[in-house]
Amino acid sequence: MAQLQLEQIRKSFLNGESEEEVLKGVNLSLEKGEVTALIGASGSGKSTLLTIAAGLQPLTSGKVLFENQNLAELRPEQVRKIRARHFGFVFQSSHLVPFLTVEEQLAMMMDIAGMKVSKHEKETQIKNILEQVGMTHRLKAYPPSLSGGEKQRVAVARAIIHNPKVLFADEPTASLDSKRSKDTMALLQGVTKSLGMTTLTVTHDEEMLVYADRIVTMSDGQILESAESAGRFS
Amino acid sequence: MKIAWKEMKKNKSRYLIVGSIVLLISLVTFIISGLANGLSQDNVSLIKNMPDGTFYMSEDANESFSQSHINASKQQILNSKHDAFAFSIQMGSLKNEADNQQSVAFLTSTDTPLLKQVNEGEVILDSGLKAEGIEVGDELSSPLFDGTFKVIDFVDNQTFNHSPAALISQETFEEMFRTDEWQLLYLPDTTETISGLQSYSKKEFLSTIPSYQAEQMTLNMIVWFLVVISGMLFGIFFYMMNVQKVGMYGILKALGIKTSVLFKMMWSQMALITIIALLISTAISQVFQYVAPESMPYHLTLTTTLQLSLVFAVVGFIGSTLSGFQIKKIDPLQAIQQGEA
């Protein structure tokens, strides 16, 4: 069963006096335990589709179905709650809070998600996640002292600390070099499988597609092709 | 609230600067207010220090105590009200032996515990004249009086029309100003009316004193103008702080943080800065009262300081809340697309 279902998604923007349609009836089904990569030329609508699926912007028409609820019909507060509890985000830039240590970033996310756990349990969970992303040695470090790759690892840890059901990654490797990009994508793929999540990622880098289970190619606001990745069984 | 505190700890210098600005602005307002109150006190402390009660002038005085003359028949009230008293004030001057002239407000009254009584040829002066080198035992003269006045004592805070009061006997006052009629009657703790006399509350009477009302309006205008400007500055500084954090707020909103949590974060930071700054400026302004030169009219009660502090806290809260409305409008999407928070 699909974890997140997008049905007939349409999105129009006003461009001066004319209306521009950037998504033209997109249908997409995201399965549990799968990494879906959205690719396509700039302006094809992939980032818009991701942000609509994540409840970060309204759609003109269509349905975003998550656990039998259509996000498009929910009140903003209900969408916020779903985002906080069930969605995780990794952005192009790490967007870590500059005045919080690595440990505090994750603790804050647990608070945002409304996780009611003891202090000890919180510390244990934070250590476990940091172990998964290989960042236990930087527990007390502040973002400015981390390298680009380390920041992105912490961003991934923050995105998964509350066991989200869907992970959204908008060009998570855009600001990283080749090696760090591969590490980050391998990490995303790994946590998607180990935690049984669904990951939707946007990428420009074809090298990263080996880490996806499904590749969705977009063009001019429509899905051109949806295929299993060659790396799916590798 | 932990986030708010951690941000302040990590960005100490930024919050220290904002706190210092709040402190300096509030301190300036407190000091100016102290000086304004001091001037006001210096003008009419003689009247201000009297307990609440009613002042009476003759009906034909045209609201000017110097033109008031209460005749003997009206003075019968003094016999029936034992705590009532009559008094008169006239401006004049005193000279010491070195021929230094000092403007004073000559004051005389019937027997009352509120004003010390003196015999003929004696004078009790406001203690402000000590700074002019006048001491107990000095002989002073006046162009209006043939004899001399011997200084027998000093009293604190007895000034009128910005001049120190000089308490003299009724007989001497009559001789100097050629009148045996009283200008004013005073009944403490009452609001009763007396036929043929015009009654005034303390506040109303103060407003009949020439220049007092105009001076008060000017001073109050200065203080409240400062409060309003300070409030606007508070708002602007908190707004600037919020503008710098729009990106971070946007990311936190994208992650799912409640807008109310961001508001609480902003309010708690504003409250902490404001409270600490106001406590320090209150302490400094109160200490200033004791270290300010004696000749400087400075009067700032703790009540006035607390009232002004409350106004600052409210204005700061409103200013930060208004600037906080941008938090509500922040588009998480825009923040995500703008690079590092």
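Attention now moves to the overall build of chain A. Within chain A, the secondary structure is distributed over six helices and 10 strands. Taking the principal axes of the C-alpha coordinates as reference, chain A spans close to 50 × 40 × 40 Å. Here chain A holds 234 residues, and the buried ones make up 54% of them. In the form shown here, chain A has an accessible surface area of approximately 10,200 Å², with 47% of it arising from carbon and sulfur atoms. For chain A, the centre of its 27 positive side-chain charges and the centre of its 28 negative side-chain charges are spaced 7 Å apart.

So, on to a positive patch on the surface. The grouping of Arg75, Lys81, Arg85 and Lys116 of chain A together with Lys258 and Lys264 of chain B at the surface amounts to a positive patch. Take Lys258 of chain B: it is sitting in the loop between α7 (246-255) and α8 (259-291). A relative accessible area of 39% places Lys258 of chain B in the partly exposed class.

To continue, consider a negative patch on the surface. Residue and element names in this part refer to chain B. Taken together, the side chains of Glu120, Asp146, Glu171, Glu174, Glu175 and Asp180 present a region of like negative charge at the surface. Take Glu175: it is sitting in helix α4 (residues 170-177). Owing to a relative accessible area of 33%, Glu175 belongs among the partly exposed residues under this scheme.

Residues and elements named next belong to chain A. Read across the sheet, four strands follow the order β2-β1-β4-β5 without closing on themselves; strand pairing throughout is antiparallel. Each edge of the sheet is formed by a strand with only one pairing partner; in this case those strands are β2 (18-31) and β5 (69-70). As paired elements, strand β1 (residues 2-15) and strand β4 (residues 61-66) share five bridges and run antiparallel to each other. From the neighbouring strand, Leu6 faces β4, where its bridge partner is Val64. Contacts from helix α1 (residues 46-53) reach β1, β2 and β4, with the element oriented near 120° to β1.

Each side of the interface is counted separately: chain B has 22 residues, and chain A has 23 residues. Summing the contributions of chain B and of chain A, the shared interface buries around 2,100 Å²; its carbon and sulfur component is 70%. At the boundary of chain B and chain A, one finds one salt bridge. For Lys6 of chain B, the salt bridge identified is with Glu104 of chain A, shortest N-O distance 3.5 Å. Within the residue set of the side of chain B that touches chain A, elements represented by two or more residues are α1 (2-10), α7 and α10 (332-337) of chain B. Broken down by element, the residue count for the side of chain B that touches chain A peaks at six residues, all from α7 of chain B.

Attention shifts here to the pattern of salt bridges. Residue and element names in this part refer to chain B. This structure, assessed with the given rule, holds 18 salt bridges over all chains. In this structure, Lys202 and Asp52 form a salt bridge, with 3.9 Å as the shortest nitrogen-oxygen distance. Of the two residues, Lys202 sits in helix α5 (residues 202-208) while Asp52 sits in the loop between α2 (12-48) and β1 (53-58), which places them 150 residues apart along the sequence. What you see here is one network of salt bridges that share partners, running through Glu7, Arg14 and Lys245.

Right, let's talk about the domain arrangement of chain B for a bit. In many reports, interface size means the accessible area that the parts give up when they come together. Residues and elements named next belong to chain B. When its domains are assigned, chain B resolves into domain 1 (2-43 + 214-337) and domain 2 (47-209). Here domain 1 and domain 2 have C-alpha centroids that lie 45 Å from each other. Contact with domain 1, which involves six residues of that partner, is made by six residues of domain 2. Carbon and sulfur atoms supply 32% of the area that domain 1 and domain 2 bury against each other, a total of about 610 Å² over both sides.

For His95 of chain A, which is not glycine, the phi torsion reads 55° and is therefore positive. As for its position among the elements, His95 of chain A is in the loop between β6 (87-90) and α3 (102-112). For Asn161 of chain B, which is not glycine, the phi torsion reads 55° and is therefore positive. Relative to the elements of secondary structure, Asn161 of chain B occurs in the loop between β7 (159-160) and β8 (163-167).

Residue and element names in this part refer to chain A. The mixed open sheet is built from six strands, whose spatial order is β6-β7-β8-β3-β9-β10. In the strand order of this sheet, the two ends are held by β6 and β10 (222-228), each with one partner. The mean angle between the axes of side-by-side strands here comes to 20°, regardless of whether they run parallel or antiparallel. Across six bridges, the pairing between strand β9 (residues 214-219) and β10 is antiparallel. Bridge pairing links Ser219 to Gln222 in β10. Where helix α2 (residues 76-86) meets the sheet, it contacts β6 and β7 (166-170), and its direction lies at approximately 75° from that of β6.

In this section: the pairing of β2 of chain A. Residue and element names in this part refer to chain A. As defined by bridge partners, β1 adjoins β2 across 11 bridges and the pair is classed as antiparallel. The residue bridging Gln5 from the neighbouring strand is Ser29, located in β2. Between β1 and the antiparallel strand that follows it, β2, lie two residues; Gly16 among them carries a positive phi value of about 70°.

All right, on to the side chain of Asp213 of chain A then. Residues and elements named next belong to chain A. Within the fold, Asp213 resides in the loop between β8 (198-202) and β9. Looking at Asp213, its side chain comes within polar contact range of the main-chain nitrogen of Val35, at 2.5 Å. Side-chain polar atoms of Asp213 contact the side chain of Lys193, separated by 2.8 Å.

Rules used throughout
- Note that residues are indexed from 1 along each chain, following the sequence as it is written.
- Going through the entries in the order they are written, you letter the chains from A and number the ligands from 1.
- The model is predicted, so local features are restricted to residues of pLDDT at least 70 and side-chain atom pairs to those at 80 or more, both for listing and for counting; the totals for chains, interfaces and linings are taken over all residues.
- In computing side-chain values, all of the structure's heavy atoms are included and hydrogens and water are not.
- A run of DSSP states H or I qualifies as a helix once it reaches four residues; a run of E qualifies as a strand once it reaches two. Both are numbered from the N-terminal end.
- Note on exposure labels: buried denotes an accessible area under 20% of the residue type's maximum, exposed denotes more than 50%, and partly exposed covers the range between, all computed with a 1.4 Å probe on protein chains only.
- The method behind every accessible area is Shrake-Rupley, applied with a 1.4 Å probe, and residues are considered shielded solely by the protein chains displayed.
- None of His or the chain ends enter the tally, which takes Lys and Arg as positive and Asp and Glu as negative.
- Where a charge lies is defined by one atom per residue type: Lys uses NZ, Arg uses CZ, Asp uses CG and Glu uses CD.
- Note that patches include only residues with greater than 30% relative accessible area and no salt bridge, and the join distances are 9 Å for like charges and 5 Å for nonpolar side chains (Val, Leu, Ile, Met, Phe, Trp, Tyr).
- By salt bridge we mean one thing: a side-chain nitrogen of Lys or Arg within 4 Å of a carboxyl oxygen of Asp or Glu.
- Here, strands pair whenever DSSP counts at least two bridges between them.
- What makes two residues a contact is simply this: any of their non-hydrogen atoms within 4.5 Å.
- Fitted lines through C-alpha atoms give the axes, limited to the stretch in contact for helices. The angle between two N-to-C directions lies from 0 to 180 degrees.
- Throughout, buried area stands for the accessible area (probe radius 1.4 Å) lost by two parts on being put together, summed over both.
- What fixes the domain bounds is an automatic or database domain assignment.
- Between N or O atoms, a polar contact is any pair within 3.5 Å; within protein, one atom must be a potential hydrogen donor and the other a potential acceptor, and residues adjacent in sequence are included only when both atoms are from side chains.

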